[in-house]
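The chain contents come next:
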Amino acid sequence: MSHSLGVRQAQKQKTRQAFLDAALGLLEEQSLSSLGLREVTRAVGVAPTAFYRHFHSTADLGVALVEEALGSLHPMISVTVSGPGHGPGDSDSDSDERIDRAVALIARHVREHPAHIRFIARERNGGVQTVRAAIAEQMDRFADEVKAELAKQGESAGWSDDDLLMLAGLYVDQMLMTASTFLEAAPEEEEQVARVARRRMRLISIGRRHWLG
């Protein structure tokens, strides 16, 4: 009995993932607000009624895509603020090395997950309110996580919670902006994108050092 239940659960999860993958592929060329339920079920090869066993609506599907797309970004965001380069005795070269690693990681993530990045970039200001809200909620969560990481670092001594959250937001916004720019760049433009991203992150780092001065 338990074996049969496990098989059914695995099949259900496989079908759910098929919906997510099909929708992500279709959304390469259109926005979520224009995506039709029958389009998705046709791509998966199931009857439209099967959709409702997994999602209430295409907006619900979009929220699930937000969770899938942004869930993989948590480790990358941590890299932008953790490691060498932010203690009171750290050198500029340490900070530059950390920034270089962060930008390289963003570029790699875009190469590995372009459809996810495109979906978030488009739908962050798209026409489906629940999806916009889900993205905003994830952004707030990222900022809180980065704030908690920054608060552990010696360079944050004397900073207020509000200022730490503002700094965290700068890091998160810069990461997403860099990812979106890499996505749209031609291969020969990627080094210029990386150079600009590194300069912007260094500017944030310099501003941090002198904020309480």
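Details of the structure are given in the entry above.
Anyway, here's the lowdown on the structure attached to this text. (Residues numbered from 1 in each chain as written. Predicted model: local features only at pLDDT ≥ 70, side-chain atom pairs only at ≥ 80, totals over all residues. Heavy atoms only, no water.)

### A word on the overall build of the protein chain
The following threshold applies: Helix and strand definitions follow DSSP, with helices as H or I runs of at least four residues and strands as E runs of at least two, each counted in order from the N terminus. Each residue is assigned to one of three classes by its accessible area relative to the maximum for its type, calculated with a 1.4 Å probe on protein chains only: buried under 20%, partly exposed between the two thresholds, exposed over 50%. Residue contacts are defined here by distance: any two heavy atoms, one from each residue, within 4.5 Å place the two residues in contact. In short, Shrake-Rupley with a 1.4 Å probe defines the accessible areas, and a residue's cover is counted only from the protein chains shown.
The helix and strand inventory of the protein chain stands at 10 helices and zero strands. Scanning the protein chain from its N terminus toward the C terminus, one meets helices and strands in the order α-α-α-α-α-α-α-α-α-α. Taken across its 213 residues, the protein chain has 40% of its residues classed as buried. If you take every contact in the protein chain between residues at least 6 apart in sequence, the share linking residues at least 24 apart comes to 68%. Counting only carbon and sulfur atoms, one obtains 53% of the accessible surface of the protein chain, whose full area is about 11,400 Å².

### Some thoughts on the nonpolar core
Stated formally: The term nonpolar core refers to a set of buried residues drawn from Ala, Val, Leu, Ile, Met, Phe, Trp, Tyr and Cys, joined through side-chain atoms within 4.5 Å.
Counting 55 residues, the largest nonpolar core has Val66, Phe119 and Phe182 as its most contacted members. Taken together, the elements giving at least two residues each to this core come down to helix H1 (2-26), helix H2 (37-44), helix H4 (58-71), helix H6 (92-112), helix H7 (114-123), helix H8 (129-151), helix H9 (161-184) and helix H10 (190-210). When residues of this core are assigned to their parent elements, the largest contribution, 10 residues, is made by H9. Excluding residues that lie within four positions of it along the chain, valine 66 makes contacts with Gly71, Phe119, Ile120, Val131, Ala134, Ile135 and Gln138.

### Considering the environment of glycine 45
Structurally, glycine 45 is set in the loop between H2 and helix H3 (48-51). C-alpha of glycine 45 to C-alpha of alanine 18: the two residues are 27 residues apart in sequence and 9.6 Å apart in space.

### Structural notes on a negative patch on the surface
We apply this condition: What makes a patch is a set of residues exposed beyond 30% relative accessible area and free of salt bridges, joined within 9 Å when like-charged and within 5 Å when nonpolar (Val, Leu, Ile, Met, Phe, Trp, Tyr). The working definition used for a salt bridge is a side-chain nitrogen of Lys or Arg within 4 Å of a carboxyl oxygen of Asp or Glu. Here the positive residues are Lys and Arg and the negative ones are Asp and Glu; neither His nor the chain ends is included. In plain terms, the charge of a residue is placed at NZ if it is Lys, CZ if Arg, CG if Asp and CD if Glu.
A grouping of Glu67, Glu137, Asp140 and Asp144 is seen on the molecular surface, where their side chains present a negatively charged patch. The element that contributes the greatest number of residues to the negative patch is H8, accounting for three residues. Looking at where glutamate 67 falls in the secondary structure, it is placed in helix H4.

### Things to note about the packing of H4 against H7
Operational definition: Axes here mean lines fitted to C-alpha atoms, for a helix over just the part in contact, with angles spanning 0 to 180 degrees between N-to-C directions. Roughly parallel here means an angle under 35 degrees, roughly antiparallel means over 145, roughly perpendicular means 65 to 115, and every remaining angle is called oblique. Working rule for handedness: look at the near helix, and if it is turned counterclockwise from the far one by less than a right angle, call the crossing left-handed; if clockwise, right-handed. Each residue gets one label: Ala, Val, Leu, Ile, Met, Phe, Trp, Tyr, Cys and Pro are nonpolar, Asp, Glu, Lys and Arg are charged, and the others, such as Gly, are polar.
For the pair H4 and H7, interaxial distance at closest approach is 10 Å and the crossing angle is 125°. In this view, H4 runs oblique relative to H7, as classed from their interaxial angle. The two elements H4 and H7 meet at a crossing, and its hand is left-handed. The segment H4 lies against H7, with Gly62, Leu65, Val66, Glu68, Ala69 and Leu70 engaging His116, Phe119 and Ile120. The residue inventory of the contact of H4 with H7, partitioned by class, reads six nonpolar, two polar and one charged.

### Observations concerning the packing of H7 against H8
Between two packed helices, the angle of one axis relative to the other and the distance separating the axes together describe the packing. Viewed as axis vectors pointing N to C, H7 and H8 meet at an angle of 110°, and their least axial separation amounts to 10 Å. One finds that H7 runs roughly perpendicular with respect to H8. When you trace H7 past H8, the crossing you get is left-handed. Along its contact with H7, which presents Phe119, Ile120 and Glu123, the element H8 presents Val131, Arg132 and Ile135. A class-by-class count of the residues in the contact of H7 with H8 yields four nonpolar, no polar and two charged.

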